[in-house]
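The lines below spell out each chain.
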Amino acid sequence: MNIKIINFQQHGDERGMLVALEEAKEIPFNIRRVYYIYGTAPNVRRGYHAHKKLEQILICISGSCTIYLDDGNITKEIILQEPYEGLYISNGIWREMYDFSENAVLLVLASELYDESDYIRDYQEYIAYSRQNNYMEKEK
Ligand code: T46
């Protein structure tokens, strides 16, 4: 599964902390869009889709949330709770987000502009697409 956790460099001093992100350095793609999710209740699960082309980095800059990832064969659950930690998700991976803490803000850096035709929102359709494009990681 083409995902990874990236630990960003923290610039800290007596005033507090700062993390800087630049495309093609900390971020492995050109950033074409930024959006953020907040005010999601703890019992809400969102996402339920994959992207054909889009790559993204998810950073929970406040609070915490859990990301469920599925490549059609392997599944993973990642808890995001550090503002210096980014979760890179390649294209072709199903994602769901849940367990948002009350103060959670999930910042997303995206490689493409918003395009509804890039979404696969039906799971069975996703499985067929993943199989066709060889996105599934072989079981070890
Ligand atoms: C993803 C996860 C992590 C826009 O108009 N522009 C945008 O750039 C985005 C991302 C959304 N929207 C509109 C489309 C919907 O009417 O905002 C509404 C909520 O979007 P959606 O239901 O897709 O939100 P999530 O939380 O299910 O998924 C989002 C991203 O869409 C998706 O790419 O990977 O966050």
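Residues numbered from 1 in each chain as written. Predicted model: local features only at pLDDT ≥ 70, side-chain atom pairs only at ≥ 80, totals over all residues. Heavy atoms only, no water.

1. A look at helix α1 (residues 123-132)
Given 3.6 residues per helical turn, the α-helix brings residues three or four places apart onto the same face. Filter applied, for reference: Burial classes: relative accessible area under 20% of the type maximum marks a residue as buried, over 50% as exposed, and values in between as partly exposed (1.4 Å probe, protein chains only). To qualify as a helix, a DSSP run of H or I must reach at least 4 residues; to qualify as a strand, a run of E must reach at least 2; elements of each kind are numbered from the N terminus. Arc definition: directions from the helix axis to the C-beta atoms. A contact between two residues is defined here by any heavy atoms of the two lying within 4.5 Å.
Those residues of α1 lying buried are Y126, I127, Y129 and S130. End-on view of α1: buried residues confined to an arc of 165°, all on one side of the axis. Across α1 from its buried face, at more than 90 degrees, point the exposed residues Q124, R131 and Q132. In this structure, the buried side of α1 is in contact with β5 (46-51), β7 (65-70), β10 (94-98) and β12 (119-120).

2. Let's talk about the packing of aromatic side chains
How we decide: Ring geometry is summarised as follows: Phe, Tyr and Trp rings, the Trp one being its six-membered ring, pair when their centres sit within 6.5 Å, and such pairs are stacked at plane angles under 30 degrees, edge-to-face over 60 and tilted between the two. Charges are assigned to positions over rings by a cutoff of 6 Å between ring centre and Lys NZ or Arg CZ, combined with an angular limit of 35 degrees from the ring normal.
Summed over all chains, the structure comprises six aromatic pairs. Each ring, one from W94 and one from Y123, has its centre 5.1 Å from the other, and the planes form 80°; the classification is edge-to-face. Here the residue W94 occupies a position in strand β10, and Y123 occupies one in helix α1, the gap between them amounting to 29 residues. For W94, a relative accessible area of 3% corresponds to the buried category. Clustering of aromatic rings is evident, with ring pairs tying together W94, Y123 and Y126. Over the face of the ring belonging to Y88 we find K4, whose NZ or CZ atom lies 5.9 Å from the ring centre.

3. A closer look at the pattern of salt bridges
To be explicit about the condition: What counts as a salt bridge is simple: a side-chain nitrogen of Lys or Arg found within 4 Å of a carboxyl oxygen of Asp or Glu.
This structure, assessed with the given rule, holds six salt bridges. Measuring nitrogen to oxygen at the nearest pair gives 2.6 Å for the salt bridge that ties D13 to R15. Relative accessible area serves as the criterion here: at 34%, D13 is assigned to the partly exposed category. The salt bridge involving R121 is made with E116; its shortest N-O contact spans 2.8 Å. On the basis of relative accessibility, which here comes to 36%, the residue E116 falls in the partly exposed class.

4. Overview of the site of the ligand
Inclusion rule: Here a residue counts as near a molecule or strand whenever at least one of its heavy atoms sits within 4 Å of it. Nitrogen and oxygen atoms within 3.5 Å of one another constitute a polar contact, given that in protein one can donate a hydrogen and the other can accept it, and given that sequence-neighbouring residues count only through two side-chain atoms. Only the protein chains shown count as cover for residues, with accessible areas throughout obtained via the Shrake-Rupley method and a probe of 1.4 Å. Here the term charged refers only to Asp, Glu, Lys and Arg, the term nonpolar to Ala, Val, Leu, Ile, Met, Phe, Trp, Tyr, Cys and Pro, and the term polar to all other amino acids, Gly among them.
Neighbouring residues of the ligand: 13 residues in total, closest R33, R46, H51, Q56 and Y119. Separating an oxygen atom of the ligand from a side-chain N or O atom of H51 is a distance of 2.7 Å. Measuring from an oxygen atom of the ligand, one finds a side-chain N or O atom of Q56 at 2.6 Å. Calculation on the ligand without its partners gives an accessible area of 650 Å², and the protein chains cover 67% of this total. Those elements that place two or more of their residues in the shell around the ligand are β4 (33-38), β5 and β10. Looking at the shell around the ligand element by element, the count peaks at four residues for β5. Residue composition of the shell around the ligand, grouped by class: five nonpolar, four polar and four charged.

5. A closer look at the environment of I127
By the secondary structure assignment, I127 is in helix α1. On the accessibility criterion, I127 (11% relative accessible area) is buried. Once the C-alpha coordinates of I127 and A24 are considered, the two residues, 103 residues apart in sequence, prove to be 31 Å apart. Residues within four places of I127 in sequence aside, it is in contact with G72 and M136.

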